[in-house]
There are 2 protein chains.
Amino acid sequence: MAQETKKNYVGIDLGGTNIKVGVLNDAGETLAYLSTPTLVERGADDATKRMAAAVHEAITKAGLKPSDVAGVGLGSPGTLDLPSGSLVRPSNLPGWDFFPIRDRLSEYSGLPVTFAHDGPAAAFAEYWVGAGKGEEGLILLTLGTGVGCGIVLNGHVWNGTHSHGGEAGHNLIDTSENARWCKCGQRGHLEAYASATGVANRTIEYVEAEFKTSLTPRVRARKRNDEVPKMVFEEAEKGDELAIRIVKETARYLSHGMISLIHTLDPSCLLLGGAMTFGGDETATGRLFLKTVEEETRSRIFLHLAERLRIAYATTGNAAGYIGAAGLARQEREESQQ
Amino acid sequence: MAQETKKNYVGIDLGGTNIKVGVLNDAGETLAYLSTPTLVERGADDATKRMAAAVHEAITKAGLKPSDVAGVGLGSPGTLDLPSGSLVRPSNLPGWDFFPIRDRLSEYSGLPVTFAHDGPAAAFAEYWVGAGKGEEGLILLTLGTGVGCGIVLNGHVWNGTHSHGGEAGHNLIDTSENARWCKCGQRGHLEAYASATGVANRTIEYVEAEFKTSLTPRVRARKRNDEVPKMVFEEAEKGDELAIRIVKETARYLSHGMISLIHTLDPSCLLLGGAMTFGGDETATGRLFLKTVEEETRSRIFLHLAERLRIAYATTGNAAGYIGAAGLARQEREESQQ
């Protein structure tokens, strides 16, 4: 009985803005959830103390005791070093360089901590309880401000040999001299085209070139560029031709990255998540986006794969990070007991 | 003792022209080797019977008996289906479609057969006894008539979920409208640029455009296009500027494919093999090729990876196919005994 009640896990999704904490049972169901601001500027140690407090608060909220929890999974943005449990130079957490976050969180929380990269953790959430349940080879592309990637092969996350696995957002899709700049300082990366930033930049260029579009007054009145993707989505829903064209172009750029991923890894399932899926299955624009991705991808991969590969939207949404982190903690506990 | 003497393995590299057969001991040393023509036109069953005879001939040549051999590894070109042990539509073996080659070879040879894709098998040879010994994440790119790829992660070949893993030769490196055609019927694939075919095509175009080069009389006098890459190599060794330019361009194209592979998988080691490495470490042109590949790749991947990733030439050469197949047979036997 004691062993039975211990099969709960806490998952943490550490982001530059918020820390999301979920308590999950052995079946991957969320029993309690809370979110707390990261307050990056207060530094890593302060945040880790608050994170430990949030873990205990969430456990209480779930009606559990710390002794009911077998482990904590911490999903963190990169760069990080998984074997040592340390951050390296996380670009969204300035000033937190080289902080030994895994062991410090374990110390402050009194619980064992499994350290994970957020991209692979999100993919593991889809493998555990989402749209990629039990898939032999799963790739998740998360289209947000950037393009994240996670790979799950035979039920295990592939983290790469330097904790950098799944950085397919930085795969080259344009090798020409005038390819777009990626935030990482190189040209032509998938992320420079298929992320929210890429969509915003392309849209602003169209508007500045005076294309006839209902986007013009809205884009011109923007306060920040990151408001633009939502405008594209909304105007596409209303039928604006340019907005629809931008959605379809984004799908085509994405397919260029997908084709190489598919020929490299031959996954059984490729999932798309994140805000830049234009509402996913729930909206006309989201369905058009996926349809275009499918057409552009399937027509350009080996027929044998085109006939068999599953392409779909992810289903764990914003919860992917903490669910996947909890799932990886669960996997580590279970495998250490074998 | 009986168990000890059984630790030998036969590896077969089935190609469109020749069948290579090697007998290896448990340390991966080749005890005997022979090669026999494939004679594709006689059909799969005939070839499989001759393959079984060649296995026994090679065992005898090694001074062993069939009872000294624990298993046979058969590396085959694709397309194939690993779980069922069957060929699918192997483009280099016309007329052999859907032949159940694994079980038939086992029947004819009286030995257990492990079925493998030739690209991954070659990578496994490098992991077992070659330049990638024990690497946690290994990618081998084989630059020949086409561009083959094999991936070994945590000591296991990744075959893909439809036996198509490691087809990175068909990754997109040029998404423009006028990208080069690949033999597979699509445009812009790595193979269309960095294979022998790609080098030949580009060279012929330069010569036809009347570039000043010592290649001109030789290329014009060619009987077949596949003679051209060797001419490029020989003229580059003599210092011809255009030939050197073609070598460096090939390196740059290759790096475009490598950058995406590295960001996707974060390998510890990326190896290059095959005839289109221009003599490898042994020649000035081969060294220039690798140096250019390194420069073009390292300057365009994440710094953390650029500082750590090993890029080198493969060392098992033409033996990679049968060594890797034998190694995979060994791994299957060992793991089935656990």
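Before reading on, note that the structure itself is shown above.
Remember, predicted model here, so these are calculated numbers, not experimental data.

Can you help me understand the overall build of chain A in this one?
What chain A contains, in helices and strands, is 12 helices and 12 strands. For a compact globule of 338 residues, the expected C-alpha radius of gyration is about 20 Å, and chain A comes in at 20 Å, within 12% of that figure. Across its three principal directions, the C-alpha atoms of chain A cover 65 × 45 × 35 Å. The 338 residues of chain A split such that 60% are buried. Counted over contacts in chain A with a minimum sequence separation of 6, partners at least 24 positions apart contribute 62%. Counting every atom, chain A has about 13,600 Å² of accessible surface; 48% of that belongs to carbon and sulfur. Of the charged side chains in chain A, 35 are positive and 42 negative, and the gap between their average positions amounts to 3 Å.

Even after reading the chapter, I still don't get the interface of chain A and chain B, so can you show me in this structure?
Size of an interface: often given as the accessible area lost when the parts come together. Across the boundary between the two partners, chain A contributes 44 residues, which contact 42 residues of chain B. Buried area between chain A and chain B, both sides added, is near 3,700 Å², and the carbon and sulfur share of it is 58%. For chain A, the biggest contributors to the area lost against chain B are W158, H162 and T264 of chain A; these three give 18% of the whole. If you look at where chain A meets chain B, you find zero salt bridges. Linking chain A to chain B there are 28 residue pairs in polar contact (both at pLDDT 80 or more). Elements with a minimum of two residues in the side of chain A that touches chain B: β9 (147–153), α9 (241–265) and α11 (303–306) of chain A. The class makeup of the residues in the side of chain A that touches chain B is 15 nonpolar, 22 polar and seven charged.

In this structure, what is going on with the relation of the copies chain A and chain B? I would like to understand it.
The two chain copies are connected by a rotation around an axis plus a translation along it. Mapping chain A onto chain B calls for a screw motion: a turn of 180° about the axis and a shift of 0.0 Å along it, with 0.0 Å RMSD after fitting. When the rotation and shift are considered jointly, the pair of chain copies conforms to a two-fold rotation axis. Residue by residue, 95% of the interface of chain A is reproduced at the interface of chain B, so both copies engage with the same surface.

Please clarify how the pattern of salt bridges should be interpreted in this entry.
A side chain with one charge may pair with a side chain of the opposite charge, provided their charged atoms come close. Counted by the stated rule, this structure contains 44 salt bridges over all chains. Between E205 of chain B and R180 of chain B there is a salt bridge whose closest N-O contact spans 2.8 Å. Of this pair, E205 of chain B sits in helix α6 (residues 196–208) while R180 of chain B sits in the loop between β10 (156–157) and α5 (191–194); the two residues are 25 residues apart in sequence, bridging distant segments of the chain. Close ionic contact of R224 of chain B with D226 of chain B constitutes a salt bridge, the shortest N to O distance being 3.1 Å. On the basis of relative accessible area, R224 of chain B is assigned to the partly exposed category, the value being 48%. Salt bridges sharing partners connect three or more residues here, namely R218, K230, E234, E235 and K238 of chain A.

Is there a simple way to explain the sheet that holds strand β4 (residues 69–76) of chain A in this structure?
Either a parallel or an antiparallel arrangement is found when strands of a sheet pair, and the pairing is made through backbone hydrogen bonds. All names here are of chain A. Taking strand neighbours across the sheet as the criterion, the five strands line up as β3-β2-β1-β4-β7 in an open arrangement whose pairing is mixed. Sheet topology places β3 (30–37) and β7 (113–117) at the edges, where each strand pairs with a single neighbour. Mean inter-strand twist for the sheet, computed between neighbouring axes without regard to direction, equals 15°. Where strand β1 (residues 8–14) lies against β4, six bridges are found, and the strand directions are parallel. Paired with G11 across the two strands is G73, which belongs to β4. The strands touched by helix α4 (residues 118–129) are β2 (18–25), β4 and β7; relative to β7, the strand with the most contacts, the crossing angle is about 105°. Along the sheet, helix α12 (residues 320–336) contacts β1, β2, β3, β4 and β7; its crossing angle with β1, the most-contacted strand, is approximately 135°.

Is there a simple way to explain the sheet that holds β9 of chain A in this structure?
Residue and element names in this part refer to chain A. Read from one edge to the other, the open sheet built from five strands follows the order β10-β9-β8-β11-β12, with strand pairing classed as mixed. In the strand order of this sheet, the two ends are held by β10 (156–157) and β12 (310–313), each with one partner. Where strand β8 (residues 137–143) meets strand β11 (residues 269–273), five bridges bridge the pair, whose relative direction is parallel. Within β11, the residue paired with L140 across the bridge is L271.

Whenever I open this one, helix α2 (residues 44–61) of chain B confuses me. Can you help?
In an α-helix, one turn spans 3.6 residues, which is why side chains three or four residues apart end up on the same side. All names here are of chain B. Counted at 1.5 Å a residue, the expected span for α2 with its 18 residues is 26 Å, and the 25 Å between its end C-alpha atoms agrees. By the burial criterion, the buried members of α2 are A44, A47, T48, M51, A52, A54, V55, A58 and I59. What you see down the axis of α2 is that its buried residues fit within an arc of 160°, all on one side. Among the exposed residues of α2, those pointing more than 90 degrees away from its buried face are E57, T60 and K61.

Cut-offs and rules
- Residues numbered from 1 in each chain as written.
- Chains lettered and ligands numbered in written order.
- Predicted model: local features only at pLDDT ≥ 70, side-chain atom pairs only at ≥ 80, totals over all residues.
- Heavy atoms only, no water.
- Helix = DSSP H or I, 4+ residues; strand = E, 2+ residues; numbered from the N terminus.
- Rg over C-alpha atoms; globule rule 2.2 N^0.38 Å.
- Buried < 20%, exposed > 50% of the residue type's maximum accessible area, 1.4 Å probe, protein only.
- Contact = heavy atoms within 4.5 Å.
- Areas by Shrake-Rupley, 256 points an atom, 1.4 Å probe, with all protein chains shown as cover.
- Lys, Arg positive; Asp, Glu negative; His and termini not counted.
- Charge placed at Lys NZ, Arg CZ, Asp CG, Glu CD.
- Buried area = accessible area lost by both parts, 1.4 Å probe.
- Salt bridge = Lys/Arg side-chain N within 4 Å of Asp/Glu carboxyl O.
- Polar contact = N/O pair within 3.5 Å; in protein donor to acceptor, adjacent residues only side chain to side chain.
- Nonpolar A, V, L, I, M, F, W, Y, C, P; charged D, E, K, R; others polar.
- Least-squares fit on C-alpha atoms with pLDDT ≥ 70 in both.
- Pairing = 2+ DSSP bridges.
- Axes fitted to C-alpha atoms, helices over the stretch in contact; angles between N-to-C directions.
- Expected span 1.5 Å × (residues − 1).
- Arc of directions from axis to C-beta.

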